[in-house]
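Chain residues, written in single-letter form:
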Amino acid sequence: MSVESEILRRRTFAIISHPDAGKTTITEKILYLGGVIKEAGEVKGKVGTKAATSDWMKMEQERGISITSSSMNFDYQGLRINLLDTPGHKDFGEDTYRTLIAADCAAMLIDAAKGVETQTRKLYEVCRLRKMPIFTFCNKVDREGKTGLELIDDVENTLQMKCYPVTWPIGMGGRFKGLYHRLQNKVYFFDRDRDAPEIVDVSGPMDSKISMRVDEDIFLQFNEELELLEGVIGDFSQEEFLSGNVSPMTFGSAKYVWGIDIFLDLFCQHAPKPQARATRDGSVDPLYKDFTGFVFKIQANMDKKHRDRVAFLRICSGKFERGMKVKHMRLGREIRLSYANQLTAQERETVDTAYAGDIVGITDTGNFQIGDSISDGKDVHFTGIPRFSPEHFGRVVIKEALKKKQLEKGIKQLVDEGSIQLFYDPAVGWQDPILGVVGLLQFEVLLYRLKDEYGLDARLDRMNYALARWPFDSNGKPTRTIKTSQRIWNDAHDNPVLLLEQEWDLKWLTKDNPDIDFKMNSSAD
Ligand code: G4P
């Protein structure tokens, strides 16, 4: 297959949801349908289920949550699908948001009983800012929940995004009978005791092939709902979907594998091919001849014995070949990409070739940071890889003073991974830095990993800061020339930054410094 055909068959997406909506379950079922896994329960090593491969995942197992995110791929209907896993704990960190940057579209998973929940809303915001196309899957229709109309209302009102129902449930909960496919004029009848649905062609929602098989009240309600919908919903527009204005909505149950193949078919039909990516000098098209990409995630010590570190790279254009030499833009020198992996569930497989749209994990000895760009041709600097203003701050204190070096090493590692941010007093240097995180869970992960990987008994003294702001002058350059009595700190890359206790402080700063832009992150773009 030509490089162009390989690129054009890539589809890269992430699932966004609130914890417990069923992301792990649906991921498993998707990977199962994609032929990646043979049995359910292989994806997340919850307590008592199949053991995960790395020590690092011990904490996830103990807590039954998914902290790290990785990417898995499989072939389906001739497409190569890359599914990025986004951590789903309520207190998750920045890398969840950043993972979305590596995707071209998202599937929003909603618990049909609960509707749009907080975490989904936050993740949706990130998608919206990027105008990312979003599919909506209303899960758990096997349980009593909101009606389809209530769910549409909820999504439209909470997220200000229009929904286009592709399927419509016939009954809900214990009385759920099946899904009416509005575009195919088919009904998928499901049964808890049967693996595959019975698929029946119908002339429309009033067809007696439906009324014959469902209770009258359910049939009437189903028809009433559809009648209402048809009155307000126009035709599906792929353009509106691709610009993130309308979301095709399907229903189902991940637990019983109802509606998952319908979702996958819809996905294959409409999900966008790899999208062009913004750089400092215009955008890079995926079919551009040079190989280019950016690092959106770094994960260290997946295997403690080898102290290895993996930089996850989104390929933005061209073809990747193992062993190729590329230019590392930040370092300004050539490096060889000798070891690269892709993840298939929890197996890591060496990859020899990969294409724009794919995610590869490059084994890294410390060259990479989040946001780094590489290219085997002309220079490119990808932009828009977000950093977020931390909301929780603290200092790490260790009991054994002699282990300060170890502590510095551990903290540096976690800073490189992008899960914590570091601030220091330029007059004093890197000793005793202040650490900041977006989600509190990251502090727990920090202490756990300092103990597990560096043998350090540490505690965290919380500080009263609540926000960080990076000052830029009117030329868009970082500046220290500010009218303020606040201390100006440095971040890990030596950019000036202010740590503030409350929004009020920011208001004063802005008032006293009308020419200064106080940004929520250190990047000028
Ligand atoms: P998450 O990754 O989004 O946090 O959710 P996860 O898949 O772990 O699912 C959370 C709970 O919801 C699990 O129940 C799971 O079985 C259940 N679930 C997922 N999809 C469906 C569905 O379509 N219908 C129903 N009824 N339940 C669903 P649990 O009790 O926490 O765990 P388990 O013992 O069932 O595995």
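Here, the structure is the one placed above.
Enquirer: I'd like a description of the overall build of the protein chain, backed by residues and values.
Expert: For the protein chain, the count of helices and strands is 13 helices and 31 strands. The long-range fraction of contacts in the protein chain, counting pairs at least 24 apart against all pairs at least 6 apart in sequence, stands at 69%.

Enquirer: Give me the lowdown on the sheet that holds strand 8 (residues 178–181), citing residues and values where you can.
Expert: Taken in spatial order, the 4 strands of this open sheet run 7-8-9-10, and their pairing is antiparallel. At either margin of the open sheet sits one strand with a lone partner, and together these are strand 7 (167–170) and strand 10 (198–201). Neighbouring strand axes in the sheet, compared pairwise and without regard to direction, differ in orientation by 25° on average. Examined bridge by bridge, strand 8 and strand 9 (residues 186–189) share 4 bridges and lie antiparallel to one another. Bridge assignment links Leu 179 to a residue of strand 9, and that residue is Tyr 188. Seen against the sheet, helix 8 (residues 216–232) touches strand 7 and strand 8 and runs at an angle of roughly 155° to strand 7.

Enquirer: Go over the packing of helix 11 (residues 404–417) against helix 12 (residues 441–454), please, and point to the residues and values.
Expert: Between helix 11 and helix 12, the shortest axis-to-axis distance is 10 Å and the interhelical angle comes to 125°. Compared by their axis directions, helix 11 and helix 12 come out oblique. Once helix 11 is placed against helix 12, the crossing between them reads as right-handed. Residues Gln 406, Leu 407, Lys 409, Gly 410, Ile 411, Gln 413, Leu 414 and Glu 417 of helix 11 pack against Leu 446, Arg 449, Leu 450 and Tyr 454 of helix 12. Residues that form the contact of helix 11 with helix 12 fall into these classes: 6 nonpolar, 3 polar and 3 charged.

Enquirer: Provide a residue-level description of the nonpolar core, including the pertinent values.
Expert: Counting residues in hydrophobic clusters, the biggest one holds 113 residues, and the most contacted among them are Phe 13, Ile 30, Phe 320 and Leu 337. Counting residues per element, this core draws most heavily on helix 10 (residues 260–270), which supplies 7 residues. Split by domain, this core shows at least three residues from each of two domains, domain 1 (14–66 + 87–270) and domain 2 (277–375). Not counting residues up to four positions away in its chain, the partners in contact with Phe 320 are Phe 291, Ile 315, Leu 337, Ala 340, Val 351, Asp 352, Thr 353, Ala 354 and Ile 362. With 17 residues, the next largest nonpolar core counts Ile 398, Leu 407, Leu 435 and Leu 450 among its residues.

Enquirer: So what about the site of the ligand? Which residues, and what values?
Expert: Residues in contact with the ligand amount to 17 residues; listed here are only the nearest, Asp 20, Lys 23, Thr 24, Thr 25 and Asp 142. One nitrogen or oxygen atom from the side chain of Thr 25 is found 2.5 Å from an oxygen atom belonging to the ligand. Between the ligand and Lys 140, the relevant distance is 3.1 Å, taken from an oxygen atom to a side-chain nitrogen or oxygen of the residue. Computed on the free molecule, the ligand has an accessible area of 700 Å², of which 69% lies beneath the protein chains in the complex. The element best represented in the shell around the ligand is helix 2 (residues 23–33), accounting for 3 residues. Looking at side-chain class alone, the shell around the ligand contains 3 nonpolar, 6 polar and 8 charged residues.

Enquirer: Lay out the packing of aromatic side chains with the relevant residues and their values.
Expert: Scanning all chains against the criterion turns up 22 aromatic pairs. Relative to Tyr 76, the ring of Phe 74 lies with its centre 6.5 Å away and its plane at 80°, an arrangement referred to as edge-to-face. Look at Phe 423 and Trp 470: their rings are 6.1 Å apart centre to centre, the planes differ by 50°, and that puts the pair in the tilted class. With a gap of 47 residues between them, Phe 423 in strand 25 (residues 421–424) and Trp 470 in strand 28 (residues 467–472) connect regions that are remote in the sequence. Take Trp 470: its relative accessible area is 2%, and that puts it in the buried class.

Enquirer: Break down the state of the cysteines for me, with residues and values.
Expert: For the structure shown, the criterion picks out 0 disulfides. Cysteine Cys 127 shares no disulfide, and the gap to the nearest cysteine sulfur, in Cys 105, comes to 9.4 Å.

Enquirer: Which residues make up unusual backbone geometry, and what values go with them?
Expert: Even without glycine at this site, Lys 140 takes up a positive phi of about 70°. One can find Lys 140 in the loop between strand 5 (134–139) and helix 6 (148–159). Located in the positive-phi region is Val 257, a residue other than glycine, with phi close to 55°. Inspection of the secondary structure assignment puts Val 257 in the loop between strand 11 (246–251) and helix 10.

Enquirer: Can you tell me about helix 2, naming the residues and giving the values?
Expert: If you check which residues of helix 2 are buried, you get Lys 23, Ile 26, Thr 27, Glu 28, Lys 29, Ile 30 and Leu 31. Lining the buried residues of helix 2 we find strand 1 (10–17), strand 2 (71–76), strand 3 (79–84), strand 4 (105–111), strand 5 and helix 10. Backbone geometry just downstream of helix 2 places Gly 35 in the positive-phi region, at approximately 80°.

Enquirer: Report on the pairing of strand 26 (residues 434–437), specifying residues and quantitative values.
Expert: Burial along strand 26 is two-sided: the residues Ile 434 and Gly 436 and Leu 435 and Val 437 are all buried. Inspection of the sheet shows strand 24 (residues 392–398) paired to strand 26 by 3 bridges, in the antiparallel sense. What sits directly across from His 392, in strand 26, is Val 437. Summarising the sheet, strand 25 and strand 26 pair through 3 bridges and their orientation is antiparallel.

Enquirer: Lay out the side chain of Thr 292 with the relevant residues and their values.
Expert: Residue position: Thr 292 is located in strand 14 (residues 292–300). On the basis of relative accessible area, Thr 292 is assigned to the buried category, the value being 0%. One polar contact links Thr 292 to Ser 317, side chain to side chain, over a distance of 2.7 Å. Apart from the residues lying within four places of it in its own chain, the contact partners of Thr 292 are Val 284, Arg 314, Ile 315, Cys 316, Ser 317, Ile 374, Ser 375, Val 380 and Phe 382.

Rules and cut-offs
Residues numbered from 1 in each chain as written. Predicted model: local features only at pLDDT ≥ 70, side-chain atom pairs only at ≥ 80, totals over all residues. Heavy atoms only, no water. Helix = DSSP H or I, 4+ residues; strand = E, 2+ residues; numbered from the N terminus. Contact = heavy atoms within 4.5 Å. Pairing = 2+ DSSP bridges. Axes fitted to C-alpha atoms, helices over the stretch in contact; angles between N-to-C directions. Parallel < 35°, antiparallel > 145°, perpendicular 65-115°, else oblique. Left-handed = near helix turned anticlockwise from the far one by under 90°. Nonpolar A, V, L, I, M, F, W, Y, C, P; charged D, E, K, R; others polar. Core = buried A, V, L, I, M, F, W, Y, C linked by side-chain atoms within 4.5 Å. Buried < 20%, exposed > 50% of the residue type's maximum accessible area, 1.4 Å probe, protein only. Domains from an automatic or database assignment. Near = heavy atom within 4 Å. Polar contact = N/O pair within 3.5 Å; in protein donor to acceptor, adjacent residues only side chain to side chain. Areas by Shrake-Rupley, 256 points an atom, 1.4 Å probe, with all protein chains shown as cover. Phe/Tyr/Trp six-rings, centres within 6.5 Å; stacked < 30°, edge-to-face > 60°. Disulfide = S-S within 2.5 Å.

Just distances and angles here, no functional claims.
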